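Structural overview
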Amino acid sequence: MAWARAVTRLTTTGRASRSEFWWTWLLQTAVAAVLLLLVPLLQGRTRDLSLPTGPFGPGPLGTVPIFSWTDTSGDPAGGASVLIWTVWSLLTLAPMVTLAIRRLHDADYSASWALGAVIVPLLSFVVLVLLAQRSKPAGVRFERVPVDGRVADPSLAPPTGSQ
């Protein structure tokens with residue numbers, strides 16, 4: 001359910017919960033592991049296997065390999081699974097970036113951190129830590145509330161009091 005919510009809300013306004021972000025990130029990583037590691041391994045393509053990741057999940061902006069295996073005796077990894085992965089990662093790039101930005105907002109951090117992680121790959125570690133932070137009430141400043149104070153989508157409404 002979290003993944004469906006993440007890909008249907010292509011906006012950088014608002015906030016995303018930790019569970020929404022991390023379940024979506026985990027799904028991205030699982031798909032990447034199957035397509036970039038398991039399928040090539042089963043095909044005997046064991047040269048230069050790696051699973052890059054980052055604050056936006058594995059994909060074009062993945063800067064840090066969480067798994068890497070170099071075997072000079074096997075064929076190079078590639079083929080249809082890499083092509084499928086490339087298409088998948090490009091289709092899910094925008095939802096993952098907007099989700100990371102909304103998650104940063106929920107933890108009361110600026111989207112500039114996401115941009116920094118793209119420009120300076122070493123910041124990916126810092127951004128992953130920021131994405132894991134608890135929700136902060138001050139993150140409501142990133143909500144877009146209409147002038148009359150009514151919110152069309154109740155899930156975007158700022159929290160009210162203790163419940």
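Everything that follows concerns the structure shown earlier in this document.
Residues numbered from 1 in each chain as written. Predicted model: local features only at pLDDT ≥ 70, side-chain atom pairs only at ≥ 80, totals over all residues. Heavy atoms only, no water.

Our focus in this paragraph is the overall build of the chain. Looking only at helices and strands, the chain features five helices and two strands. Beginning at the N terminus, the succession of helices and strands in the chain can be written as α-α-β-β-α-α-α. Relative to its full complement of 163 residues, the chain shows a buried share of 36%. Counting contacts in the chain only where the partners sit at least 6 residues apart, residues at least 24 apart contribute 69% of the total. For the chain, the computed accessible surface area is about 9,100 Å², with 66% contributed by carbon and sulfur atoms. (Helix = DSSP H or I, 4+ residues; strand = E, 2+ residues; numbered from the N terminus. Buried < 20%, exposed > 50% of the residue type's maximum accessible area, 1.4 Å probe, protein only. Contact = heavy atoms within 4.5 Å. Areas by Shrake-Rupley, 256 points an atom, 1.4 Å probe, with all protein chains shown as cover.)

As enumerated under the stated definition, the model contains two aromatic pairs in all. With a centroid separation of 4.8 Å and 85° between ring planes, the pair formed by Phe21 and Trp22 is classed as edge-to-face. Phe21 gets classed as buried once you look at its relative accessible area, which sits at 0%. Judged by its relative accessible area of 26%, Trp22 is partly exposed. Arranged with centres 5.4 Å apart and planes meeting at 70°, the rings of Trp22 and Trp25 form a pair that is edge-to-face. Placement of both Trp22 and Trp25 in helix α2 (residues 18-42) is noted, with a separation of three residues, approximately one turn of the helix. On the accessibility criterion, Trp25 (15% relative accessible area) is buried. (Phe/Tyr/Trp six-rings, centres within 6.5 Å; stacked < 30°, edge-to-face > 60°.)

This brings us to the packing of helix α4 (residues 112-119) against helix α5 (residues 123-131). For the pair α4 and α5, the least separation of the axes is 8 Å and the interaxial angle reads 150°. The angle between α4 and α5 places the two elements in the roughly antiparallel class. For the element pair α4 and α5, the recorded crossing hand is left-handed. Every residue of α5 that contacts α4 at Trp113, Gly116 and Ala117 is listed here: Leu123, Ser124, Val126, Val127 and Leu130. Grouping the amino acids of the contact of α4 with α5 by side-chain chemistry returns six nonpolar, two polar and no charged. (Axes fitted to C-alpha atoms, helices over the stretch in contact; angles between N-to-C directions. Parallel < 35°, antiparallel > 145°, perpendicular 65-115°, else oblique. Left-handed = near helix turned anticlockwise from the far one by under 90°. Nonpolar A, V, L, I, M, F, W, Y, C, P; charged D, E, K, R; others polar.)

Our next topic: the packing of α2 against helix α3 (residues 80-106). Across the interface, α2 lies against α3 with an axial gap of 11 Å and an inter-helix angle of 165°. Taken together, the axes of α2 and α3 lie roughly antiparallel to each other. Helix-helix and strand crossings are classified by hand; for α2 and α3 the assignment is left-handed. Each of Arg18, Glu20, Phe21, Thr24, Trp25, Gln28, Val31, Ala32, Leu35, Leu36, Val39 and Pro40 in α2 lies in contact with α3, whose residues at this interface are Ser81, Val82, Ile84, Trp85, Trp88, Thr92, Met96, Leu99, Ala100, Arg102 and Arg103. The residue makeup of the contact of α2 with α3, split by class, is 15 nonpolar, four polar and four charged.

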